[in-house]
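# Commentary on secondary and tertiary structure
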Amino acid sequence: MTKTRKAQYGVGAATAPAKTSKSTRNRRPAEEKLAELKRRLHEIDDLTAAGAALGWDQATYMPIGGAGARGRQRAALSRLTHEKSADSTLGKLIDELEPYAATLPYDSNEASLIRIARRDFERAIKVPSDHVARASAFGAESYEVWKRARPANDFATMLPFLQRGIDLGREYADFFAPYHHVADPLIDDADEGMTAASVRRLFAALRADLVPMVDSITEQSEEDHRRLGYFGESAQLAFCLSVIKRIGYDFQRGRLDKTVHPFCTRLSAGDVRITTRVFENDLTQALFSSLHEAGHALYEQSVDPVLEGTPLGRGASVGVHESQSRLWENVVGRSRGFWEYFYPLLQRTFPGQFDRVRLDTFYRAINKVERSLIRTEADEVTYNLHILLRFELELKMLEGTLRAKDLPEAWRAGMDSYVGVVPPDDRDGCLQDVHWFSGIMGGGFQSYTIGNILSAQFYAAAMKAHPNIPKEIAAGEFEPLHSWLRENLYRHGRKFKPSELVRRVTGEQMNTGPYLSYLRAKYAGRIRA
Ligand code: ZN
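In this report, the structure presented in the accompanying data block is examined. All figures in this text were calculated on a predicted structure; none of them were measured in a lab. (Residues numbered from 1 in each chain as written. Predicted model: local features only at pLDDT ≥ 70, side-chain atom pairs only at ≥ 80, totals over all residues. Heavy atoms only, no water.)

### A short note on the pattern of salt bridges
The tally for this structure, following the rule as stated, stands at 50 salt bridges. With a shortest N-O distance of 2.9 Å, K258 and E233 are connected by a salt bridge. Of the two residues, K258 is situated in strand 1 (residues 256–258) and E233 in helix 10 (residues 233–247); the sequence distance between them amounts to 25 residues. Linked through salt bridges whose partners overlap, the residues forming this network are D45, R266, E300, E308 and R314. (Salt bridge = Lys/Arg side-chain N within 4 Å of Asp/Glu carboxyl O. Helix = DSSP H or I, 4+ residues; strand = E, 2+ residues; numbered from the N terminus.)

### Description of the coordination of the zinc ion
The protein atoms donating to the zinc ion are H292 (NE2), H296 (NE2), E322 (OE) and E322 (OE), with metal-donor distances spanning 2.1 to 2.6 Å. In this structure, the zinc ion is coordinated by four donor atoms arranged in irregular fashion, with angles at the metal of 53 to 141 degrees. Positions of the donor residues of the zinc ion along the chain correspond to the pattern H-x3-H-x25-E. One end of the pair, H292, is in helix 11 (residues 283–301); the other, E322, is in helix 12 (residues 318–332), with 30 residues separating them in the sequence. No difference in accessibility class separates H292 from E322, as the two residues are buried. (Donors = N, O, S within 2.8 Å, 3.2 Å for Na, K, Ca; no water. Tetrahedral: all angles 85-135°; square planar, octahedral: opposite > 155°, others 65-115°. Buried < 20%, exposed > 50% of the residue type's maximum accessible area, 1.4 Å probe, protein only.)

### Observations regarding the nonpolar core
Counting residues in hydrophobic clusters, the biggest one holds 123 residues, and the most contacted among them are L162, W328, F338, W339, W436 and L481. Ranked by the residues each element gives to this core, the list is headed by helix 15 (residues 383–399), at ten residues. For L481, the residues in contact, after removing those within four places along its chain, are L327, W328, V332, Y459, A462, I469 and I473. (Core = buried A, V, L, I, M, F, W, Y, C linked by side-chain atoms within 4.5 Å. Contact = heavy atoms within 4.5 Å.)

### Focus on the packing of aromatic side chains
With the rule as written, the count across this model stands at 23 aromatic pairs. With a centroid separation of 6.0 Å and 75 degrees between ring planes, the pair formed by Y343 and F354 is classed as edge-to-face. Note that Y343 is positioned in helix 13 (residues 336–349) and F354 in the loop between helix 13 and helix 14 (359–366), a separation of eleven residues in sequence. Classification of F354 by relative accessible area gives buried; the value is 5%. Ring centres of F354 and F362 lie 5.8 Å apart, and the angle between their planes is 90 degrees; on these two criteria the pair is classed as edge-to-face. With respect to burial, F354 and F362 carry one shared label: buried. Between the NZ or CZ atom of R207 and the centre of the ring of Y418, over which it lies, the distance is 3.9 Å. The ring of F445 carries R390 above its face, with NZ or CZ at 5.7 Å from the centroid. (Phe/Tyr/Trp six-rings, centres within 6.5 Å; stacked < 30°, edge-to-face > 60°. Lys NZ or Arg CZ within 6 Å of the ring centre and 35° of its normal.)

### Some points on the side chain of S302
Mapping S302 onto the fold places it in the loop between helix 11 and helix 12. Within the structure, the side chain of S302 is placed 2.8 Å from the backbone oxygen of L298, a separation counted as a polar contact. Setting aside anything within four residues of it in sequence, one finds S302 in contact with H482, R486, Y490 and R491. (Polar contact = N/O pair within 3.5 Å; in protein donor to acceptor, adjacent residues only side chain to side chain.)

### Here we look at the sheet that holds strand 1
A sheet is described by the order of its strands in space; here three strands give the open sequence 1-3-2, paired in mixed fashion. This sheet does not close on itself; its edge strands, each paired only once, are strand 1 and strand 2 (264–268). Mean inter-strand twist for the sheet, computed between neighbouring axes without regard to direction, equals 30 degrees. Sheet analysis places strand 2 next to strand 3 (residues 271–276), joined by four bridges and oriented antiparallel. Counterpart to S268 in the pairing with strand 3 is D271. Sitting on the sheet, helix 11 is in contact with strand 1, strand 2 and strand 3, with an inclination near 165 degrees to strand 3. (Pairing = 2+ DSSP bridges. Axes fitted to C-alpha atoms, helices over the stretch in contact; angles between N-to-C directions.)

### Considerations on the packing of helix 12 against helix 17 (residues 446–465)
Interaxial distance between helix 12 and helix 17 falls to 7 Å at its minimum, and their mutual angle equals 65 degrees. In this structure, helix 12 meets helix 17 at a crossing whose hand is right-handed. Of the residues in helix 17, those touching helix 12 at V318, G319, V320, E322, S323, Q324, R326, L327, V331 and V332 are S447, Y448, I450, G451, N452, L454, S455, F458 and Y459. A breakdown of the residues in the contact of helix 12 with helix 17 according to their chemical character gives ten nonpolar, seven polar and two charged. (Left-handed = near helix turned anticlockwise from the far one by under 90°. Nonpolar A, V, L, I, M, F, W, Y, C, P; charged D, E, K, R; others polar.)

### Observations regarding the environment of I473
Mapped onto the fold, I473 is located in helix 18 (residues 469–474). Sequence separation between I473 and P498 is 25 residues, and the spatial gap between their C-alpha atoms is 28 Å. Residue contacts for I473: discarding those within four places in its chain leaves V332, S335, G337, F338, Y341, Y459, F478 and L481.

Spelled out as C-alpha cells, the structure:
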C-alpha cells in the first residue's frame, strides 16, 4: 500500500509536466492549509503541556492546600483543550487536506499528520467538553483523597470515588456506542486496535505458559532472600542519577524528582521529566522505578524534532511506551551485564554494605521470583499475573458484573487464584495502584503486559541487528542499543499505528514468542524440566 502510493506519486511527477504544474498551483493553498492545521494542533499541544505541568506540580511539590483550586484549574484547561480539539473548523481543515494527503507517501510526516489529526478529531467530537472537564476535576480530587486513604488502609473512603470512576468510564464508552464490550473504546484509546476480546485472547495464551513457569521457579528459589539494609536517600538518588545519565537520559532536557506513584511527563521535546520514590530500607524501589521512567523518557526525548508540537511528537501508544520502560528497567536493567558494569559503582556508593555480597548473589536477589503482593515490586515472571487479574476485574466492574463495594473481596480471591498470595489488607490489596483512584475507569492496565511482550520483541530485533549489545552493555556502552531504538522506533513518534510500527521494527506482528523465550533463557537454571 505504502509502496504503491509512493510509486504513483513519483511516476506522476516525473512523466506528466502539465499535471505537475496544476498540482503545484493546487499545492499552495494546501500548504497554507497545512500550516494552519499545524498552528491549531500546536495550540492544542501547548494547552496539553500546560495541563501536564499542573499535573506534574500536583504530584511533586504542590502544598496540600492547593488541591481544590488545582482540580478546577486542570478541569478548565482540559475543557479548553478539548474544545479546541473538537472545533468544527479543525474538522473542515482536515477534510480539505485529505485529497492532498492522498498524493503523499503514506509514511511522510505530512500524510501521517493529517491521518492522526483525523483520528484524534473523530474521537474528540464524540465526547462532550463537559464530560472531559468533569472527568479531569474528578481525577484530581480522587488522587488527593487516595494519597491519604491508601496508607490509612481506608477502602470505605475510596468506595464512592471508585464508583464514580466506573460510572464515568461507562459514560465515556457510551459516546462510542455501539461497541462489542464496554471497555473497548477505553482500551482503544490507550492501545489503538486492541479490544477486550483481543487482549483476553493474548492474555489467556500468556497465562497458560506463565503459570507452570512460575510454579517451577518459585518452588526452587526459597533460599534467595531479598537483601535489606539501610540506604540513605541522597546516596540512592545520586546512584539513580548516575545510572540513568549513563544509559542516555538527557538532563539538559529533563529532571528527576520525588513523588508518590512514579511517572514520566512530557512538557515538550526539550523537557521530559521523570519521578521516583525512595524507600531507605529497599534499594530496588528508587533504582528500578527511575530506570522504568527513564525508559519512557528516552523514547520521548528521541522523537524526531520536526514532529515537535504536533500530535505525532510523542510515543505511539501506551503499550509501545511501556515496552520501552520495561526494556530499560528489566531486559537491560536486570541483566547480568548491566550489573557487571554498575555493581562496582553501587559498592562505592554504599561503602561496606556490599563488601561481602558477590555480584552473582546480588544479581539473583534483584531477579528473585516470588509470589508477592505489590505489582510495581513484582519480578518479571509473576508481574504479568498481577496485570491479568487487574484487567479481568476492570472488565467486570465496567460490565457491572462486579460491584465496587465487592472489589476488596474479589481482589483477595483473584490474588489467590492468579498470583497465589492473599493480601492481609486493602492497602497492599486493591488500593495499591493509583489507576482506579485518579480518573475514569478502563483501559488502564493491559498496556503493561503488552509492553512486556513488545519489550522482548523489540530487543530481539535490536540483537539481530547488533548481536554485541549484551557485551556493550557489560562495558557500560548503551549508545549502540539506544541509537538502534532511536533510529528504528523512537524517531517515528506517533506516525504509525502500534501494529504498523511493530511490523516495521520487527518484521512480525505482536506475539508472545520472543518474550517467553527471553524468560526461559534468563531463568533456565531455575526452571524444572
Ligand atoms: Zn510505565
